[in-house]
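An overview of the molecular structure
What follows is each chain in one-letter form.
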Amino acid sequence: MVPQIVKQADPRMEKAVQYLEDELRSLRVGRAQTALVENLTVEQYGQTMLLKAVATITTPDAHTITISPWDKSMVASIEKMLRENQALGLNPSSDGNVVRLNVPPMTEDRRREIVKELGVKVENSHISLRQIRHDVLGEVKRMEKSGEATQDDMRFAEQELNKKIDYYKKKADELAKAKEAEIMQV
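So, here's what we can say about the structure. (Residues numbered from 1 in each chain as written. Predicted model: local features only at pLDDT ≥ 70, side-chain atom pairs only at ≥ 80, totals over all residues. Heavy atoms only, no water.)

Some points on the packing of helix 5 (residues 108-146) against helix 6 (residues 151-184)
Put simply, the test is: Comment: axis = line fitted to C-alpha atoms, over the contacting stretch for helices; angle = value between 0 and 180 degrees taken between N-to-C directions. Numbering of helices and strands runs from the N terminus; a helix is a DSSP stretch of H or I covering at least four residues, while a strand is a stretch of E covering at least two. An angle counts as roughly parallel when it lies under 35 degrees, as roughly antiparallel when it exceeds 145, as roughly perpendicular when it falls between 65 and 115, and as oblique in every other case. In this scheme the handedness of a crossing depends on how the near helix is turned from the far one: anticlockwise by less than a right angle means left-handed, clockwise means right-handed.
Where helix 5 meets helix 6, the closest approach of the two axes is 10 Å, and the angle between their N-to-C directions is 170°. With respect to their mutual orientation, helix 5 and helix 6 come out roughly antiparallel. You can see that helix 5 and helix 6 cross each other, and the crossing is right-handed.

Quick look at the structure:
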C-alpha cells in the first residue's frame, strides 16, 4: 500500500517540472519567440481569450514577432493590451492588419534581471516539489497512526521520496542552467 502512495508522487513531481519548463519558455532571451506573447489574454466580444486562440503568431526574423488576428477589428485591442503589459516591456506597432513587436537586443543588466527571475521560478519549483513530498509523507504518517503502515514503511517512504525529490530537483536545475546559458549568450 505504501509503495503505491509513494509512486503517486511521480506524476505530480513530473508536472511541477513540466510547469517550470513552460514558465522558462516565456522568459525573454534576446530574440523573438512566440512564447513571449502566446499566453497573454485579450478581450474579444466581452470574453477574455488567449492571444494564440484569436490570432496567428509568427517570428519572421530573430527580432520581430508578428500577430495576425483572424478578426481584423481586434488589432487595436491587441495593440493596447501589448502596450499596457509592463512585464513584456515592448512597444507594438500595427498597420491595421498585423501587429508587430520589435524585440531589441538585451543589455547586460536586463540579462541579469531575467536570470534573477529564472532563479525565483526555479525556487518556486523546488518549493512545490517539497510540498508534494510533504503531502505524501503526511498520508503515510496518517496510515501509520491508524495502524495501516509500520515505522519501516514510514522510513521506506521517506527514503524513496528523498530519492525522487533529488532526481526532480536535479532535472529542474539542469533546465535552469541551460536557460541561463541561453539568456546570457550575446
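Overview of the environment of Arg-12
Note the following rule: Here's how the labels work: a residue is buried when its accessible area is under 20% of the maximum for its type, exposed when over 50%, partly exposed in between, all with a 1.4 Å probe on protein chains only. Here, residues are in contact when the closest pair of their heavy atoms is within 4.5 Å.
Summarising the element assignment, Arg-12 is placed in helix 2 (residues 9-25). The exposure class of Arg-12 is partly exposed, given its relative accessible area of 38%. Here the alpha-carbon distance between Arg-12 and Ala-178, two residues 166 residues apart in the chain, equals 23 Å. Not counting the four nearest positions on each side in its chain, Arg-12 is found in contact with Ile-132, Asp-135 and Val-136.

A word on the nonpolar core
This is how it is decided: Working definition of a nonpolar core: buried Ala, Val, Leu, Ile, Met, Phe, Trp, Tyr and Cys residues. They are joined through side-chain atoms within 4.5 Å.
In terms of nonpolar packing, the biggest core is built from 21 residues, with Val-37, Leu-51, Ile-65, Ile-67 and Leu-82 touching the most fellow members. Only helix 3 (51-54), strand 3 (55-61), strand 4 (64-69), helix 4 (75-84) and strand 6 (99-102) provide two or more residues apiece to this core. The element that contributes the greatest number of residues to this core is helix 4, accounting for four residues. Each residue touching Val-37, except ones within four places of it in the same chain, is listed here: Leu-51, Ile-57, Ile-65, Ile-67, Leu-82, Leu-88 and Leu-101.

Remarks on the packing of aromatic side chains
Put simply, the rule reads: Only Phe, Tyr and Trp rings are paired, with Trp represented by its six-membered ring, and only when their centres lie within 6.5 Å; those with planes under 30 degrees apart are stacked, over 60 edge-to-face, the remainder tilted.
All chains considered together, the criterion is met by one aromatic pair. Here the aromatic rings of Tyr-167 and Tyr-168 are separated by 5.0 Å at their centres, their planes lie at 80°, and the arrangement is edge-to-face.

A few points about helix 5
Along an α-helix, a turn takes 3.6 residues, which lines up residues three or four apart on a common side. Note the cut-off: Multiplying one less than the number of residues by 1.5 Å gives the expected span of a helix.
Given a rise of 1.5 Å per residue, 39 residues ought to cover 57 Å, and the 57 Å separating the end C-alpha atoms of helix 5 matches this to within 8%. Gly-147 sits one or two positions beyond helix 5 and adopts a positive phi of about 90°.

Focus on the pattern of salt bridges
When the charged atoms of two side chains lie near each other, side chains of opposite charge can form a pair. Which entries qualify depends on this criterion: When a carboxyl oxygen of Asp or Glu is within 4 Å of a side-chain nitrogen of Lys or Arg, the pair counts as a salt bridge.
For the coordinates displayed, the defined rule picks out 15 salt bridges. Where Lys-171 meets Glu-14, a salt bridge forms, and the shortest distance between an N and an O atom there is 3.1 Å. In this pair, Lys-171 sits in helix 6 while Glu-14 sits in helix 2, placing the two residues 157 residues apart along the sequence. The class for Glu-14 is partly exposed, based on a relative accessible area of 30%. Of the charged contacts in the structure, one is a salt bridge between Glu-139 and Arg-142, with a shortest N-O distance of 2.7 Å. In this pair, Glu-139 and Arg-142 are both assigned in helix 5, three residues apart and thus about one turn of the helix distant. Here Glu-139 falls in the partly exposed class, since its relative accessible area comes to 31%. Each of the salt bridges in this network shares a partner with another, and the network as a whole consists of Glu-21, Asp-22 and Arg-25.

Regarding the side chain of Glu-79
What counts here: Here a polar contact is recorded for every N or O atom pair within 3.5 Å, except that within protein the pair must consist of a potential hydrogen donor and a potential acceptor, and residues adjacent in sequence are included only if both atoms are side-chain atoms.
Assignment of secondary structure puts Glu-79 in helix 4. A polar contact of 3.0 Å, which involves the side chain of Glu-79, links it to the side chain of Ser-94. With sequence-adjacent residues up to four places away left out, Glu-79 is seen in contact with Pro-92, Ser-93, Ser-94 and Val-99.

Description of the sheet that holds strand 3
Heads up, the condition is: Between any two strands, at least two bridges found by DSSP are needed for them to pair.
Sheet architecture is open: four strands sit in the order 3-4-6-5, paired in antiparallel fashion. Of all strands in the sheet, those bounded by a partner on one side alone are strand 3 and strand 5 (92-94). On average, adjacent strands in this sheet sit at an angle of 25° to one another, irrespective of strand direction. The strands touched by helix 4 within the sheet are strand 4, strand 5 and strand 6, with strand 5 carrying the most contacts at an inclination of about 165°.

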